[in-house]
Amino acid sequence: MHLNRLLFIGIIFTCFISCSQIEKEAETRDGFVQTNDGAELYYQVRGSGSDTLVILHGGPGAGINSFLPSAEPLTNNFTLIFYDQRGGGKSTLPKDTTRLKPKYFVEDLEAVRRYFNLDSMNVLTHSFGSIVLAEYTIKYSHHLNRVVFHGSTGPVRSEMGEYYRAKAQQASPVSDTSLTNRASALLASLLEGSADEPVSTCREYEQLSKQIAAMRGERPSHRGSTCDAPAEAVKYYYQYTAQLAPAFFGNWDYTGKLNDFEAPLLVVYGKEDALAISSQRRWTEIIPSSRLLLVPEADKGSLSDNPNFTLQAITTFFEGNWPEQVEGNE
């Protein structure tokens, strides 16, 4: 299978193998940030802690609700700023799809920083959010305070391709091929933009993905959903953002490019996804002040799989200390 296609299918599938609705509504302030190129980025602010975390969801463009249910417990200690990346959620869906190139995602994050008057940001990323943040760091490393990569995409694209190949080979077969065939057909209709009802198609696809993962004995990766967005945004995300944006990042390899990344970085990943651990260690080889925390009884989405352990570790880190059991640079 072609590397681009394999990477895309891998990112989409691991992002959605478990989905649930937000169980409680925290007090929320919301609005829009205007960018230099005229795009509007929808944001939500939750919590009231004295320290602020900017949350960078995955996808790219998967939307606030793809990660909010997993990160929301952090509102007990921090103020969280979520925003929909362009090409998804309630943010601008660019008519000109070349405005899904990396430089626009970088400047969008910078626009959010300036809007909230954050001289130095604490940032929590999920999945492909680590790649967006790495790209941001090349230009704006001086605006980072402390950073957590949660369930991150690795820093070298070719290594991620190998990971998804190995993951596919390792997956247990599903005897009920009608489920896998239906899931493939639903995904194809979303990618092609031919689904008549994008939201209901998305929900059925995510539910089937959850069933298939359970049949394979896999853990859920997170509790979010890309379906909790306007129909036009769900359609645009699958048809354009989720395919074009990663392609625009090209054959990313951040080796030797992040020497100015001086902010302390904690890379958090579940021990049970053993195939991914080498790519997580690569971040600590590339970024000077970084450590890796492998979470027990967890897969990619450790905030969902082992929330108490992960929340405590992330809180400890953003309060200024390395959590116990980290490995990496001294």
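Residues numbered from 1 in each chain as written. Predicted model: local features only at pLDDT ≥ 70, side-chain atom pairs only at ≥ 80, totals over all residues. Heavy atoms only, no water.

1. Things to note about the packing of aromatic side chains
In plain terms, the rule: We call Phe, Tyr and Trp rings a pair once their centres come within 6.5 Å, taking the six-membered ring for Trp, and we label the pair stacked below 30 degrees between planes, edge-to-face above 60, and tilted otherwise. Here, over-ring charges are defined by two tests on the NZ atom of lysine or the CZ atom of arginine: distance to the ring centre within 6 Å, and angle to the ring normal within 35 degrees.
In the structure shown here, the tally under the stated rule is 15 aromatic pairs. Relative to phenylalanine 318, the ring of phenylalanine 317 lies with its centre 5.4 Å away and its plane at 65 degrees, an arrangement referred to as edge-to-face. Cation over ring: lysine 90 sits above tyrosine 42, and NZ or CZ is 4.8 Å from the ring centre. Its end group placed over the ring of tryptophan 322, arginine 291 keeps NZ or CZ at 4.5 Å from the ring centre.

2. Thoughts on helix H8 (residues 231-248)
Under the convention used in this document: Starting at the N terminus, helices and strands are each numbered in turn, a helix being any DSSP run of H or I of at least four residues and a strand any DSSP run of E of at least two. Here, expected helix span is obtained from the residue count minus one, scaled by 1.5 Å. Given a residue, its bend is the angle between the two axes fitted to the seven residues that end at it and to the seven that start from it. The cut-offs for exposure are 20% and 50% of the maximum accessible area for each residue type, with area from a 1.4 Å probe on protein chains only; residues under the lower value are buried, those over the upper are exposed, and the others partly exposed.
Compared with the 26 Å implied by 1.5 Å per residue over 18 residues, the 24 Å span of H8 between its first and last C-alpha is a close match. In H8, a bend of some 50 degrees at tyrosine 237 exceeds every other bend along the element. Those residues of H8 lying buried are Ala233, Val234, Tyr236, Tyr237, Tyr238, Gln239, Thr241, Ala242, Ala245 and Pro246. Following H8 by one or two positions, glycine 250 has its phi on the positive side, about 65 degrees.

3. Focus: empty space enclosed by the protein
Left-over empty space is what a probe sized like a water molecule reveals as it rolls over the atoms. Definition in use: For each structure, a 1 Å grid was placed over the protein atoms alone; sets of points admitting a 1.4 Å probe that cannot get out are labelled cavities, open sets with protein on both sides within 12 Å along at least five of seven lines are labelled pockets, and lining residues have an atom within 4 Å of a point. Grid points are joined across faces, edges and corners, and a volume is the space filled by probe spheres set on the points.
Counted by the stated rule, this structure contains 1 cavity of 30 Å³ or more. Counted as a void, the largest cavity has a volume near 50 Å³. Met160, Tyr163, Tyr164, Tyr269 and Lys300 are, among the 11 residues lining the largest cavity, the residues nearest its centre.

4. Some points on the sheet that holds strand E5 (residues 121-126)
This is how it is decided: Between any two strands, pairing holds if DSSP finds at least two bridges. Between two residues, a contact is recorded if the distance between any of their heavy atoms is within 4.5 Å. In this analysis, axes come from line fits to C-alpha atoms, helices being fitted only over the stretch in contact, and the angle between any two N-to-C directions falls in the range 0 to 180 degrees.
If you trace the 9 strands from one edge of the open sheet to the other, you get E1-E2-E4-E3-E5-E6-E7-E8-E9, paired in mixed fashion. Both outer strands of the open sheet, strand E1 (28-34) and strand E9 (327-328), are each paired with one neighbouring strand and no more. Pairing geometry for strand E7 (residues 265-270) and strand E8 (residues 290-295), over 6 bridges, is parallel. Bridged to leucine 266 within E8 is arginine 291. Strands in contact with helix H3 (residues 102-115) are E1, strand E2 (40-46), strand E3 (52-56), strand E4 (79-83) and E5; relative to E1, the strand with the most contacts, it is inclined by about 120 degrees.

5. Concerning the pattern of salt bridges
Our working rule: A side-chain nitrogen of Lys or Arg and a carboxyl oxygen of Asp or Glu constitute a salt bridge if their distance falls within 4 Å.
Tallied over the full model, the rule gives 14 salt bridges. Ionic pairing is found between lysine 167 and aspartate 273, a salt bridge with its closest N-O pair at 2.9 Å. Pair noted here: lysine 167 is in helix H5 (residues 157-170) and aspartate 273 is in the loop between E7 and helix H9 (277-286), with a separation of 106 residues, a long-range link. Taking the shortest distance from any N to any O, the salt bridge between arginine 203 and aspartate 228 comes out at 2.9 Å. Note that arginine 203 is positioned in helix H7 (residues 198-215) and aspartate 228 in the loop between H7 and H8, a separation of 25 residues in sequence. A relative accessible area of 34% means that arginine 203 is categorised as partly exposed.

6. Observations regarding H3
With 14 residues, H3 ought to run about 20 Å at 1.5 Å a step, and its terminal C-alpha atoms sit 20 Å apart, in line with that. Burial runs high along H3: 10 of the 14 residues are buried. Listing the buried residues of H3 in full gives Pro102, Tyr104, Phe105, Val106, Asp108, Leu109, Glu110, Ala111, Val112 and Arg113. One or two residues past the end of H3 sits asparagine 117, with phi positive at roughly 55 degrees.

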